[in-house]
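Each chain, letter by letter, is given below.
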Amino acid sequence: MEKDHKHILSCFQTTFDELFLLESIIKLTKESCLDREVTSQYYNLSEEKKRYLSEERNNYINMLSIALDRVKILKDINNQIEEEITYL
């Protein structure tokens, strides 16, 4: 039984590592979008296209924020399950 217990905990650690990696990728992507939006990098576009690009970036930033919230929820659930298994 102890071997199974350790294997399950190892799986949780692997899952947690993957969640941290996913979180890092999302954060870097969001920061890149934010940086381009804040510094107004529009690549010599017309005003109409600048508005469109700005709106598109803001939509991506919002979706990435939602994704980060979901990753946090998954990390919290992972921690709760890991704690429960530890006490078995």
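To be clear, the structure that these remarks concern was listed above.
Residues numbered from 1 in each chain as written. Predicted model: local features only at pLDDT ≥ 70, side-chain atom pairs only at ≥ 80, totals over all residues. Heavy atoms only, no water.

In this section: the environment of Lys27. Along the polypeptide, Lys27 turns up in helix H1 (residues 2–38). C-alpha of Lys27 to C-alpha of Asp4: the two residues are 23 residues apart in sequence and 34 Å apart in space. (Helix = DSSP H or I, 4+ residues; strand = E, 2+ residues; numbered from the N terminus.)

As a further point, take helix H2 (residues 47–86). Along an α-helix, a turn takes 3.6 residues, which lines up residues three or four apart on a common side. Compared with the 58 Å implied by 1.5 Å per residue over 40 residues, the 58 Å span of H2 between its first and last C-alpha is a close match. Buried within H2 we find Leu53, Ser54, Arg57, Ile61, Leu64, Leu68, Val71, Lys75, Asn78 and Ile85. In this structure, the buried residues of H2 make contact with H1. (Expected span 1.5 Å × (residues − 1). Buried < 20%, exposed > 50% of the residue type's maximum accessible area, 1.4 Å probe, protein only. Contact = heavy atoms within 4.5 Å.)

For H1, with 37 residues, the first-to-last C-alpha span of 53 Å sits near the 54 Å given by 1.5 Å per residue. Within the span of H1, buried status applies to His5, Phe12, Phe16, Leu19, Glu23, Ile26, Lys30, Cys33 and Glu37. Buried residues along H1 sit against H2. Of the residues one or two after H1, Ser40 is the one with positive phi, at around 55°.

It is worth spelling out the side chain of Glu37 at this point. In this structure, Glu37 sits in helix H1. Glu37 gets classed as buried once you look at its relative accessible area, which sits at 14%. A polar contact of 2.5 Å, which involves the side chain of Glu37, links it to the side chain of Ser54. (Polar contact = N/O pair within 3.5 Å; in protein donor to acceptor, adjacent residues only side chain to side chain.)

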